[in-house]
Amino acid sequence: MAVKMPNKNGKNKISQFMRLGLFWAIVVLIGLAVYASTAQHANLKEVALSDVVSRANKGDIKLIQVQGNDLTVTVKDQDKPTEKSIKENSSIYEQGLKKDAPVEVKVVPQSRTGEVMWNVAITFVPVILIIGFFVFMMRQSQGQNNQAMGFGKSKARLYGEDKKKVNFDDIAGNDNAKQDLQEVVDFLKNPKKYRELGAKIPRGVLLVGHPGTGKTMLARAVAGEAGVPFFSISGSEFVEMFVGVGASRVRDLFTKAKKNAPCIIFIDEIDAVGRKRGSGMGGGHDEREQTLNQILVEMDGFDGDTNVIVLAATNRADVLDPALLRPGRFDRRVNIMLPERKDREAILKVHFKNKPTDDTVNLDALAAKTAGSSGADLANIANESAIIAARRNKKKITNEELTEAFERVAIGPERKAKVMSDKEKELTAYHEAGHAIVGHVLPDSDPVHKVTIIPRGGTGGVTWFLPPEDKSYTNVYEFKDILARAMGGRVAEQILYGDDGITTGAGSDLRNATQIARDMVIEQGMGKALRDQVFHEDNGGLMFDKMTRERPYSDETAKQIDQEVAALINEAKARAMTVLKANRSHLDKLAAALLKDETLEEEAVVDILKGTKLPKEAKLHA
Ligand code: ADP
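Rules of the game
- Residues numbered from 1 in each chain as written.
- Predicted model: local features only at pLDDT ≥ 70, side-chain atom pairs only at ≥ 80, totals over all residues.
- Heavy atoms only, no water.
- UniProt positions renumbered as here; feature names shortened; annotations may be inferred.
- Helix = DSSP H or I, 4+ residues; strand = E, 2+ residues; numbered from the N terminus.
- Buried < 20%, exposed > 50% of the residue type's maximum accessible area, 1.4 Å probe, protein only.
- Contact = heavy atoms within 4.5 Å.
- Areas by Shrake-Rupley, 256 points an atom, 1.4 Å probe, with all protein chains shown as cover.
- Pairing = 2+ DSSP bridges.
- Axes fitted to C-alpha atoms, helices over the stretch in contact; angles between N-to-C directions.
- Expected span 1.5 Å × (residues − 1).
- Core = buried A, V, L, I, M, F, W, Y, C linked by side-chain atoms within 4.5 Å.
- Near = heavy atom within 4 Å.
- Polar contact = N/O pair within 3.5 Å; in protein donor to acceptor, adjacent residues only side chain to side chain.
- Nonpolar A, V, L, I, M, F, W, Y, C, P; charged D, E, K, R; others polar.
- Domains from an automatic or database assignment.
- Parallel < 35°, antiparallel > 145°, perpendicular 65-115°, else oblique.
- Left-handed = near helix turned anticlockwise from the far one by under 90°.

In the nomenclature of an unreviewed UniProt entry, the chain is known as ATP-dependent zinc metalloprotease FtsH of Candidatus Nanosynbacter featherlites. Quoted verbatim from the Subunit (unreviewed entry) heading of the UniProt record, the comment on the chain is "Homohexamer." Here the chain is described in UniProt, under the heading Function (unreviewed entry), as follows: "Acts as a processive, ATP-dependent zinc metallopeptidase for both cytoplasmic and membrane proteins. Plays a role in the quality control of integral membrane proteins."

How do you make sense of the overall build of the chain when you look at a structure like this?
Counting secondary structure elements, the chain contains 21 helices and 14 strands. The buried share of the chain, reckoned over its 622 residues, is 42%. Look at the contacts in the chain between residues 6 or more apart in sequence, and 74% of them connect residues 24 or more apart. Total accessible area computed for the chain in this model is approximately 33500 Å², and 54% of it derives from carbon and sulfur atoms.

Is there a simple way to think about the sheet that holds strand E4 (residues 83–86) in this case?
Strand pairing in a sheet relies on backbone hydrogen bonds, with the paired strands running either antiparallel or parallel. Spatially, E1-E4-E3-E2-E5 is the arrangement adopted by the five strands of the open sheet, whose pairing is mixed. In this open sheet, the two edge strands, each paired with only one partner strand, are strand E1 (45–46) and strand E5 (104–107). Of the strands in this sheet, strand E2 (61–67), strand E3 (70–75) and E4 are in contact with helix H2 (residues 49–58), which crosses E2 at around 135°.

What exactly am I supposed to notice about helix H8 (residues 245–259) here?
Each α-helix winds once per 3.6 residues, and so residues spaced three or four apart point in a common direction. For H8, built from 15 residues, the straight-helix expectation of 21 Å at 1.5 Å per residue is met to within 8% by its first-to-last C-alpha distance of 21 Å. Burial analysis of H8 places eleven of its 15 residues in the buried class, the great majority of the element. All of the buried residues in H8 are Val245, Gly246, Ala247, Ser248, Arg249, Val250, Asp252, Leu253, Phe254, Lys256 and Ala257.

I'm lost on the nonpolar core in this one. Help?
Nonpolar side chains in soluble globular proteins tend to end up buried together. Ranked by internal contacts, the top residues of the largest apolar core, which has 49 residues, are Ile437, Ile561 and Leu590. Counting residues per element, the ones that place at least two in this core are helix H15 (422–441), strand E12 (448–452), helix H16 (476–497), helix H17 (507–522), helix H19 (555–582), helix H20 (584–597) and helix H21 (602–608). Here the element with the most residues in this core is H19; it accounts for ten residues. For Leu590, the residues in contact, after removing those within four places along its chain, are Ala433, Ala436, Ile437, Leu600, Ile608 and Leu609.

Sorry if this is basic, but what is going on with the environment of Leu296 here?
Topologically, Leu296 is positioned in helix H10 (residues 287–301). Along the sequence, Leu296 and Gly328 sit 32 residues apart, while their C-alpha atoms lie 9.6 Å from each other.

Can you help me understand the sheet that holds strand E13 (residues 462–465) in this one?
The three strands lie next to each other as E13-E12-E14, forming an open sheet whose pairing is antiparallel. Whereas interior strands pair on both sides, the edge strands pair on one side only; in this sheet they are E13 and strand E14 (599–601). Going across the sheet, the axis of each strand differs from the next one's by a mean of 10°, ignoring polarity. Bridge analysis of E12 against E14 gives three bridges, and the strand direction is antiparallel. Its bridge partner being in E14, Val451 is matched across the sheet by Leu600. Running over the sheet, H15 touches E12 and E13 and is turned about 15° from E13.

Explain the site of the ligand to me, please; I cannot follow it from the model alone.
Every one of the 17 residues lining the ligand counts as a neighbour, but Ala172, Gly212, Lys215, Thr216 and His351 are closest to it. At 3.0 Å, a backbone N or O of Met217 approaches an oxygen atom of the ligand. Contact distances for the ligand include 2.9 Å between a nitrogen atom and a side-chain N or O atom of His351. By residue class, the composition of the shell around the ligand is seven nonpolar, eight polar and two charged. Each of two domains, domain 2 (157–336) and domain 3 (341–410), supplies a minimum of three residues to the shell around the ligand.

Would you explain the packing of H15 against H16 in this entry?
Think of two packed helices as two axes; the pair is described by the angle between the axes and how far apart they sit. At a minimum axis separation of 7 Å, H15 and H16 run at an interaxial angle of 135°. Considering the angle they form, H15 stands oblique to H16. Handedness of the crossing formed by H15 with H16: right-handed. Between H15, through Lys423, Glu426, Leu427, Tyr430, His431, Gly434, His435, Val438 and Gly439, and H16, the contact on the second element is made entirely by Ala484, Arg485, Ala486, Gly488, Gly489, Arg490, Ala492, Glu493, Leu496 and Tyr497. Across the contact of H15 with H16, the residue classes tally to eight nonpolar, six polar and five charged.

Shown next as structure tokens:
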């Protein structure tokens, strides 16, 4: 992609000035040449042809030069022409000049412009060629920027003065990250202050956080706050089919950046090139590794005065090569968290700033419902709600559009068009009612937010639980209630249709439940016998690496892990069964209500489930 150079930079100004100067010098030289070859005829005295002929016959004229109908006359005692005349369209002899007159008549080629151009060419082309050669050499030496092959060039985009600037104020929340990055802004603005105290300016800052949490925005805001250019490239753009291209792109990018210093280089998805080395299939020298090496070389090559700071973003800091994180490279790290409730509200406010909403819209309530959403998700909800409102020809966004947009972003759009048979509908209603009742009855589960049997995204229906407030930690009781309510759907099918009447409708529930149970045992030390030990395997390497890596625990332990996971699932299933059997009448009631209304909100569900009981056997604690 073409990169537009900012003209703010001093060096660029000089070379622009030089190029302009050269252009005008060439124009002036050509003008002079034209003038020189026409001027010689300009101040000759004009005389009548008859006069010329008679004086020539008498012997007073030495030379007559004939060019078309123009004559120039050199009189006897002169070396240069002093007079000019014009003849008619016939030979000068036919106009009365005697054949034996003592005068030399010389015919010169007719086209004067041709002659002038020829003169110019002979005189100035070599000069222009020499100047051109020097200009070329100068540009070459300004940087090895002009590589012959375009694909070796970095595709870095430059956001200079023309593109809308982003500032810290445009980013809601993220206060800690902003505070950390404020220092980087200060380095860029006042490098002298730090150097005078002998401090080394940081070279690289790693921004670590989930996708959509605003890492790119923050990097742009650093550039915006410091008023410096911003080069952005994605790690995956370095890696191409041809070996060596990535490395040459890195070189090109850093050369460009150094020319524009002070500036920011932003490398998105650095993990695409920066994974631990030595894990590639094709030996130690694959393309990715060369690219990574080149990044390291360039960063080490910054001298003390280079005011270029490299910001890199990733959501997998754990897989990065340790060499990238060494001092002098990406030795600073800024963690960017998923936004908390008040930050979510602030982000929503930013994105609803230019969208007309009516009084029913409550952004605080939406913020409460969206735990776990990233800034990008919230921006997406805002945009979706505006699109839905526009489609309904509304002038303002109402709560209805907001809710629909939220659900669409969270679980995918409703698929009302999908036709379900009555039997399937009944099955879905019981399945969802099973989830809802188990979740409602068990004490450590989040409350039910909504139940629907309208297909959404890839599912037949949805039961939705929302935490009343943001949570940072989950205890074993809570995990076990999550597992039990996840099993509630399958158990309801079993109660209704018998052991072999169960369907594929529970497939994704079972996958989720198994994953949670495995995480509890392997990652969180929450197994019964395997309490307080973790059996984490680093999944950062490439496929080959995973195949050859030995498990960090014995076969015996592997077996035990499997048993623990199975025990958790069985316990969850048994608890769900106890709860649903004890509340069988409520199961029928809720399923019937779902068949009638298709979607039930929290209040309606709570109303229907009044009087449900928590059986003693399902209790985990007092
Ligand atoms: P990342 O680089 O972390 O994947 P981006 O910086 O590309 O995320 O963010 C994607 C979009 O999400 C932004 O364009 C912006 O609209 C929105 N966004 C994310 N975080 C915030 C925030 N804190 N304030 C306002 N908007 C945000």
